[in-house]
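# Remarks on the overall topology
Here are the chains, one letter per residue:
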Amino acid sequence: MSQLEESPTGTAEYDISPLLEPLKIRGLQLRNRFVMPGMQRYWCADGAPDLRLREYYRRRVRGGASLVISESCAVDHPSATKNPTFARISPDTRDAWRACVEGVHEAGGAMFLQLWHQGAVNYGGDAESNPDFVALSPSGVSHPGESFGRAATEAELDSIKAAFVRGALDAEEIGADGVELHSAHGFLLDQFLWPGTNLRTDRYGGPSIADRATFVAEVAAAVRAATGPDFVMSVRISQWKESDYDARIVEQPDELGQLIAGLRSAGADIFHVSTRRFWTPEWDGSDRGLAGWAKSFTDAAVIAVGSVGLDVDVMASLNGEEGQPTGGTRIGELVRRFRRGDFDLVSVGRSQIGDPEWIAKMTDHRPADIRAFRAGDPWLSHDVVST
Ligand SMILES: Cc1cc2nc3c(=O)[nH]c(=O)nc-3n(C[C@H](O)[C@H](O)[C@H](O)COP(=O)(O)O)c2cc1C
């Protein structure tokens, strides 16, 4: 018996049908539980997505994704990023994003823009290519012991908060169904949450996660207050950082509970809980991953993510390590956790880069036809533009 065919109980292990149920969040009706998470492709020209990116999103919707979250989109603030190949939402890029959103809607999906600020992450080359660029962050620390830029003043934080609100209003105006605040992976909002990068002694810092979450909660509350009742807001969080896989914003479950409760009160409708492998237990004594723990503290929707359909994690892939599709085994585990109530939605990242029809092929029980993700895919995609 192949593991791709049947489990010992006789149930098809690759049966994803429980994940094909619709879900309603505020005014948004999702046709199934599959999400395409934000994935930076470097296909933007001065912050604006091109035709290729629009088609790339549309193909994933035609292939089964119910919700597309844009790659991280810099908010319109001079400190957000200086790299023009990164996406940006601002008056001059709005129409290009509108075309993406319309394309996704036309294909039958929903779309969020992911609002992002790089904070103290040093992409190198910044000083040479833009001498005026000043990286602002909680404490001018990119990683414990490493400095980059400087700590933002409270007035600067107010202007960054206003840029997030403008980004959300722009997203709403172009017809997006919602936004996701990127508060994960070591970027600005996450730098407040992590004690390693937040050394502030004002109201934005402190020993407790509730203290360190103050700025993120203020941004979330300001976005919620400015946008309409049907507009959905997701907040993405992670323990891991691109610069540190062992980093932790919270050490204990009750701290996670405080973080989730605070952001839920600030208006978060969805928590997109980013882990590198969805099945890794977060704390001893339970097999629950971070998403399952987050769900245990909230009535908001939770998105799980991490190596669905693959046996190699995202950072290994980005460093060029090849993986193999894992087929049915982990899919059975994913569905088991979903049925148990650990999460409401699941993001499938690299597997959908590898094959835009990953969801459709899984739905049709054709895992053997899936084009495997390859480590080179993110940068030199096989995607072609077809209009
Ligand atoms: C090429 C690439 C670019 C990414 N860019 C972003 C991004 O812009 N914003 C974000 O929140 N996560 C980003 N991620 C992380 C993904 O959203 C996702 O969490 C990660 O790939 C794990 O999911 P997977 O194992 O299904 O690929 C990126 C991942 C990849 C592979």
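Refer to the structure above for everything that follows.
Treat the numbers as computed from the prediction; the structure is a model and nothing was measured.

Rules and cut-offs
- Residues numbered from 1 in each chain as written.
- Predicted model: local features only at pLDDT ≥ 70, side-chain atom pairs only at ≥ 80, totals over all residues.
- Heavy atoms only, no water.
- Helix = DSSP H or I, 4+ residues; strand = E, 2+ residues; numbered from the N terminus.
- Rg over C-alpha atoms; globule rule 2.2 N^0.38 Å.
- Buried < 20%, exposed > 50% of the residue type's maximum accessible area, 1.4 Å probe, protein only.
- Contact = heavy atoms within 4.5 Å.
- Polar contact = N/O pair within 3.5 Å; in protein donor to acceptor, adjacent residues only side chain to side chain.
- Disulfide = S-S within 2.5 Å.
- 1 Å grid on protein atoms, 1.4 Å probe; cavity = no way out; pocket = protein on both sides within 12 Å on 5 of 7 lines; lining within 4 Å.
- Points joined across faces, edges and corners; volume = space filled by probe spheres on them.
- Nonpolar A, V, L, I, M, F, W, Y, C, P; charged D, E, K, R; others polar.
- Core = buried A, V, L, I, M, F, W, Y, C linked by side-chain atoms within 4.5 Å.
- Near = heavy atom within 4 Å.
- Areas by Shrake-Rupley, 256 points an atom, 1.4 Å probe, with all protein chains shown as cover.
- Sits in = over half its atoms within 2 Å of the grid points.
- Pairing = 2+ DSSP bridges.
- Right-handed = clockwise from strand over helix to strand, strands pointing away.

## Digging into the overall build of the protein
Counting its regular elements, the protein contains 13 helices and 17 strands. The C-alpha atoms of the protein give a radius of gyration of 20 Å, which matches the 21 Å a tight globule of 387 residues would have. Expressed along its principal axes, the backbone C-alpha trace of the protein runs to roughly 60 × 50 × 40 Å. By the burial criterion, 61% of the 387 residues in the protein qualify as buried. At a minimum sequence separation of 6, the contacts of the protein that also span at least 24 residues come to 72%.

## Observations regarding the environment of R248
Summarising the element assignment, R248 is placed in the loop between strand 14 (232-241) and helix 8 (253-265). With 66 residues separating them along the chain, R248 and V314 place their C-alpha atoms 18 Å apart. In this view, R248 contacts W194, P195, Q239, E282 and W283; residues no more than four positions away in its chain are not counted. Here E282 takes part through its side chain, which lies 3.0 Å from a polar atom of the side chain of R248.

## Focus on the state of the cysteines
Summed over all chains, the structure comprises 0 disulfides. Note on C44: no disulfide assigned, nearest cysteine sulfur contributed by C73 at a separation of 6.9 Å. Relative accessible area serves as the criterion here: at 7%, C44 is assigned to the buried category. Left unpaired, C100 is separated from the closest cysteine sulfur, that of C44, by 7.9 Å.

## Details of empty space enclosed by the protein
It is a probe the size of a water molecule, rolled over the atoms, that shows where empty space is left. What the rule picks out here adds up to 1 cavity of 30 Å³ or more. Considering the residues around the largest cavity, the lining is formed by 14 residues, among which F278, G289, A291, G292 and A304 are closest to the centre. Those elements that place two or more of their residues in the lining of the largest cavity are helix 9 (290-296) and strand 16 (301-305). By residue class, the composition of the lining of the largest cavity is 7 nonpolar, 4 polar and 3 charged.

## A look at the side chain of R200
As for its position among the elements, R200 is in the loop between helix 5 (188-193) and helix 6 (209-212). On the basis of relative accessible area, R200 is assigned to the buried category, the value being 12%. Among the polar contacts listed, one links the side chain of R200 to the backbone oxygen of P138, at a separation of 2.8 Å. Apart from residues lying up to four places away in sequence, R200 is in contact with S137, P138, S139, A151, A152, T153, E154, L157, F192, G205 and G206.

## Examining the nonpolar core
Ranked by size, the top nonpolar core spans 98 residues in total, and within it W97 and L181 carry the most contacts. Broken down by element, this core gets its largest block of residues, 7 residues, from helix 4 (residues 154-173). Leave out the neighbours within four places in its chain, and W97 touches G47, P49, L53, Y57, S70, C73, A87, R88, I89, M111, L113 and I174. Formed by 14 residues, the second largest nonpolar core is a distinct cluster that contains L23, L28, V35 and L67.

## Details of unusual backbone geometry
Look at D46: it is not a glycine, yet its phi comes out positive at around 45°. Turning to its location among the elements, D46 is positioned in the loop between strand 4 (44-45) and strand 5 (48-49). Backbone geometry places S307, a non-glycine residue, at a positive phi of 60°. For S307, the position within the fold is in the loop between strand 16 and helix 10 (314-318).

## Topic: the site of the ligand
In the neighbourhood of the ligand, 19 residues make up the surrounding shell, with G38, Q40, R236, S307 and R350 lying closest. Within the contact set of the ligand, an oxygen atom lies 3.0 Å away from a side-chain nitrogen or oxygen of S72. Separating an oxygen atom of the ligand from a backbone N or O atom of S307 is a distance of 2.6 Å. For the ligand, whose free accessible area comes to 600 Å², the fraction covered by protein is 95%. Most atoms of the ligand, that is more than half of them, are within 2 Å of grid points of the largest pocket. At the level of secondary structure, the elements contributing two or more residues to the shell around the ligand comprise strand 13 (178-185) and helix 10. In terms of residue class, the shell around the ligand is made up of 8 nonpolar, 9 polar and 2 charged.

## Remarks on the pairing of strand 16
Within strand 16, 5 of the 5 residues are buried, which leaves the element mostly enclosed by the surrounding structure. The alternating pattern of strand 16 places A301, I303 and V305 on one face and V302 and A304 on the opposite face, and all of these are buried. In the sheet, strand 15 (residues 270-274) pairs with strand 16 via 3 bridges, with the strands oriented parallel. Its bridge partner being in strand 16, F271 is matched across the sheet by V302. Between the parallel elements strand 15 and strand 16, the chain passes through helix 9 in a crossover that is right-handed. As judged from the 3 bridges shared by strand 16 and strand 17 (residues 345-347), these two strands associate in the parallel manner.

By themselves, these are just geometric observations and shouldn't be taken as functional.
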